[in-house]
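# A look at the structure
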Amino acid sequence: DTVTYRLRASDNNKLTGPGVGETPEYVIRFPSSHEIDQMAQQRQEQTVEQLESMSEQARQIRETIENVQREIIKNEEVTWQDQAELRDAVQQQQAMQQELEDQLKTLEAVKDRMQQNGMLSPETLEKLEQVRTLMSALNSPELERLSRDMQAAIDDVDEEMIREAIDRLTEEQEFFQENLDRTIELLKRVQQEQMLDAVTARLRDLASHQDRIADEV
């Protein structure tokens, strides 16, 4: 659908008549339901790809920390190399959580747009809320706090604190990984349901359009 408009203004000139000014013609185009659906599908596909990439990265981070843990037990000390690998792993974890926050905002925007256009069934909307809840839980304050504790222990070269931080961080990362994988699977199911919702919405619009034509005949 499109809306065409222009602005016209006149002054109060009573001597020679009012002066009239007019803007050029402007056109506002509103995207169709199909275009909104295509945009939503594309955004969510990108979100799934990003989350799958994060899942692989999370596994690598966890493996790195577990390998360092084994080296510390084997050597009975925390070496400079151990500290460097742990610091890099913590920084990657913090960057990943920031990316999760960005993806959550994208998902919220897509959901709001589709909801405003009546393109989500109550069931699909409920599942999207579940996805949002899971993604919010991934950015847990506990994981953030443990990452800071690990960073502080490395900076202070406190071997006992590093060992304790590794134990707690690996446990929290296991929970993080499980939630992340659940989020990905649920989001994939939501995508399938949204495709069905979109087809239903287009059929409803088509039927309404045909009814209007029939009324005009």
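In short, a report on the structure.

Bringing the side chain of Glu172 into the picture now. Within the secondary structure layout, Glu172 lies in helix H5 (residues 159–216). Buried charge Glu172 goes without a salt bridge, the closest partner of opposite sign being Arg145 at 7.8 Å. Other than its neighbours up to four places away in sequence, Glu172 contacts Ser140, Glu142, Leu143 and Leu146.

Moving on, we come to a negative patch on the surface. Residues Glu160, Glu164, Asp167 and Glu171 make up a contiguous surface patch of negative charge. With respect to the secondary-structure elements, Glu171 resides in helix H5.

A word on the nonpolar core. Membership of the largest hydrophobic core comes to 36 residues, with the highest contact counts inside it found for Leu51, Leu86, Met150, Ile162, Ile166 and Phe176. Of all the elements, H5 adds the most residues to this core, at 10 residues. Contact partners of Ile162, with chain neighbours within four places excluded, come to Ile72, Val78, Leu86, Met150, Ala153 and Ile154.

In a regular helix each residue adds 1.5 Å, so 17 residues correspond to 24 Å; helix H3 (residues 122–138) covers 25 Å between its end C-alpha atoms and thus fits that length. Among the residues of H3, Thr124, Leu128, Val131, Leu134, Met135 and Leu138 are the ones counted as buried. Burial along H3 is one-sided: seen end-on, the buried residues are contained in an arc of 120 degrees. For H3, exposure combined with an orientation more than 90 degrees from the buried face picks out Pro122 and Glu126.

Attention now moves to the pattern of salt bridges. Taken as a whole, this structure holds 13 salt bridges when the rule is applied. Notably, a salt bridge pairs Arg59 with Asp181, separated by 3.2 Å at the nearest N-O pair. Highlighted residues: Arg59 in helix H1 (residues 33–75) and Asp181 in helix H5, separated in sequence by 122 residues. When salt bridges with common partners are traced through the structure, they connect Glu142, Arg145, Asp149 and Arg168 into a single cluster.

With respect to the helices and strands, the residue Gln83 is situated in helix H2 (residues 80–116). When near neighbours in sequence (up to four residues on either side) are disregarded, Gln83 contacts Val78, Ile154 and Val157.

Glancing now at unusual backbone geometry. With a phi angle near 60 degrees, Glu76 is a residue other than glycine that sits in the positive phi range. Residue Glu76 is classed as exposed on the basis of its relative accessible area, which comes to 67%.

What follows covers the packing of H2 against H3. Where H2 contacts H3, the axes come no closer than 10 Å and their chain directions differ by 165 degrees. Accordingly, the angle class assigned to the pair H2 and H3 is roughly antiparallel. In this structure, H2 crosses over H3, and the sense of that crossing is left-handed. For the pair formed by H2 and H3, the contact residues are Gln97, Leu100, Gln103, Leu104, Leu107, Glu108, Lys111 and Gln115 on the first element and Leu125, Leu128, Glu129, Val131, Arg132, Met135, Ser136 and Leu138 on the second. Of the residues assigned to the contact of H2 with H3, the class counts are 8 nonpolar, 4 polar and 4 charged.

Thresholds applied
- Residues numbered from 1 in each chain as written.
- Predicted model: local features only at pLDDT ≥ 70, side-chain atom pairs only at ≥ 80, totals over all residues.
- Heavy atoms only, no water.
- Helix = DSSP H or I, 4+ residues; strand = E, 2+ residues; numbered from the N terminus.
- Buried < 20%, exposed > 50% of the residue type's maximum accessible area, 1.4 Å probe, protein only.
- Lys, Arg positive; Asp, Glu negative; His and termini not counted.
- Salt bridge = Lys/Arg side-chain N within 4 Å of Asp/Glu carboxyl O.
- Contact = heavy atoms within 4.5 Å.
- Patch = residues over 30% accessible without salt bridge, like charges linked within 9 Å, V, L, I, M, F, W, Y side chains within 5 Å.
- Areas by Shrake-Rupley, 256 points an atom, 1.4 Å probe, with all protein chains shown as cover.
- Charge placed at Lys NZ, Arg CZ, Asp CG, Glu CD.
- Core = buried A, V, L, I, M, F, W, Y, C linked by side-chain atoms within 4.5 Å.
- Expected span 1.5 Å × (residues − 1).
- Arc of directions from axis to C-beta.
- Axes fitted to C-alpha atoms, helices over the stretch in contact; angles between N-to-C directions.
- Parallel < 35°, antiparallel > 145°, perpendicular 65-115°, else oblique.
- Left-handed = near helix turned anticlockwise from the far one by under 90°.
- Nonpolar A, V, L, I, M, F, W, Y, C, P; charged D, E, K, R; others polar.

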